[in-house]
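Reading the structure
Now for the letters of each chain:
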Amino acid sequence: MPDRVPSDHETVETHRVPVESVGRTDRPRVVLPDELDFDDGDTVHLALDGDRYHAVVETNLDGEPVLSHVADNRRLARERDGTNRLTEWVADSEVSLGGSAHLDVVTDGTEYGLRTPGKRVVYTATGGPDASLSDIARNLDN
């Protein structure tokens, strides 16, 4: 059964991350901290102020890991299809392009949350998949 974990819990690691625009557009992207060791193509659960979605980590031209498309499910995230929930979140929240957000590590490697600085959020932590399920999913993606 999943656990409910608040963003201010001692087990949640929080990083301040920049919210940038992609080139000269109004499309947002979030630059991820290097110390979290993301790889290009990693698919993660990502909550936006508590609402749970999926995202695929990409690498920008500077070689930094970024999130630029957040989708309702893993398939849409991988295909960069469907409504971009990151764009909606930036438009509807107090986070702005050129500003910053808080990235919470709920379960390292699989579950993260983006939230408006100063906002408290409660996440549903599943603990991540076991290694054998992750291996099967990775093989299906290839």
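Bear in mind that the values here come from a model prediction, so they are computed numbers and not experimental data.

**A look at a negative patch on the surface**
A cluster of acidic side chains, namely Glu13, Asp34, Glu35, Asp37, Asp39, Asp40 and Asp108, defines a negative patch on the protein surface. Note on placement: Asp34 falls in the loop between β3 (28-31) and β4 (43-48). Judged by relative accessible area, which is 60%, Asp34 ranks as exposed.

**A few points about helix α2 (residues 85-92)**
Taken residue by residue, α2 has Arg85, Leu86, Trp89 and Val90 as its buried positions. Each buried residue of α2 sits inside an arc of 135° when the element is viewed along its axis, so together they form one side. In α2, the exposed positions that point more than 90 degrees away from the buried face belong to Ala91 and Asp92. Sitting at the amino-terminal end of α2 is Asn84, which places a side-chain oxygen 3.0 Å from the backbone nitrogen of Leu86.

**Section: the pattern of salt bridges**
On inspection of all chains with the given rule, the structure shows 9 salt bridges. Across the salt bridge formed by Glu79 and Arg75, the nearest N and O atoms sit 2.9 Å from each other. Of this pair, Glu79 and Arg75 both sit in helix α1 (residues 74-79), 4 residues apart, which is roughly one turn of that helix. According to the relative accessible area criterion, Glu79 is partly exposed, its value standing at 48%. A salt bridge links Glu88 to Arg85; the shortest N-O distance between them is 2.8 Å. Of this pair, Glu88 and Arg85 are both found in helix α2, 3 residues apart, which corresponds to roughly one turn of the helix. Since its relative accessible area comes to 32%, Glu88 is described here as partly exposed. Overall, the relative accessible area of 19% leaves Arg85 in the buried class. Each of Asp72, Arg85 and Glu88 takes part in one network of salt bridges that share partners.

**Observations regarding the sheet that holds β3**
In spatial order, the strands read β6-β7-β3-β2-β9-β10-β4-β5-β8; together these 9 strands make up an open sheet with mixed pairing. Only two strands of the sheet have a single partner each, and these edge strands are β6 (58-59) and β8 (70-71). Looking at chain direction, β3 and strand β7 (residues 65-67) are connected through 2 bridges and run antiparallel. Each bridged residue has a counterpart across the sheet, and for Val31 the counterpart in β7 is Val66.

**Section: the nonpolar core**
Among the nonpolar cores identified, the biggest contains 23 residues, and Leu46, Leu48, Leu86, Trp89, Leu103, Tyr112 and Leu114 are the most heavily contacted of them. Within the residue set of this core, elements represented by two or more residues are β2 (13-21), β4, β5 (51-56), α2, β9 (100-107) and β10 (111-115). If sequence neighbours within four positions are ignored, Leu103 has contacts with Glu13, Thr14, His15, Val17, Leu32, Pro33, Leu36, Leu46, Tyr112, Gly113 and Leu114.

**What about the confidence of the model for the protein?**
With 87% of its residues at a pLDDT of 70 or more, the protein has an overall mean of 88. Confidence, expressed as mean pLDDT per element, reaches its minimum in the protein at helix α3 (residues 131-141) with 51 and its maximum at β8 with 98. In the predicted structure, residues 130-134 sits below a pLDDT of 50 and forms 1 contact with residues beyond four places in sequence or in another chain.

Conventions adopted
Residues numbered from 1 in each chain as written. Predicted model: local features only at pLDDT ≥ 70, side-chain atom pairs only at ≥ 80, totals over all residues. Heavy atoms only, no water. Patch = residues over 30% accessible without salt bridge, like charges linked within 9 Å, V, L, I, M, F, W, Y side chains within 5 Å. Areas by Shrake-Rupley, 256 points an atom, 1.4 Å probe, with all protein chains shown as cover. Salt bridge = Lys/Arg side-chain N within 4 Å of Asp/Glu carboxyl O. Lys, Arg positive; Asp, Glu negative; His and termini not counted. Charge placed at Lys NZ, Arg CZ, Asp CG, Glu CD. Helix = DSSP H or I, 4+ residues; strand = E, 2+ residues; numbered from the N terminus. Buried < 20%, exposed > 50% of the residue type's maximum accessible area, 1.4 Å probe, protein only. Arc of directions from axis to C-beta. Polar contact = N/O pair within 3.5 Å; in protein donor to acceptor, adjacent residues only side chain to side chain. Pairing = 2+ DSSP bridges. Core = buried A, V, L, I, M, F, W, Y, C linked by side-chain atoms within 4.5 Å. Contact = heavy atoms within 4.5 Å. pLDDT = per-residue confidence, 0-100.

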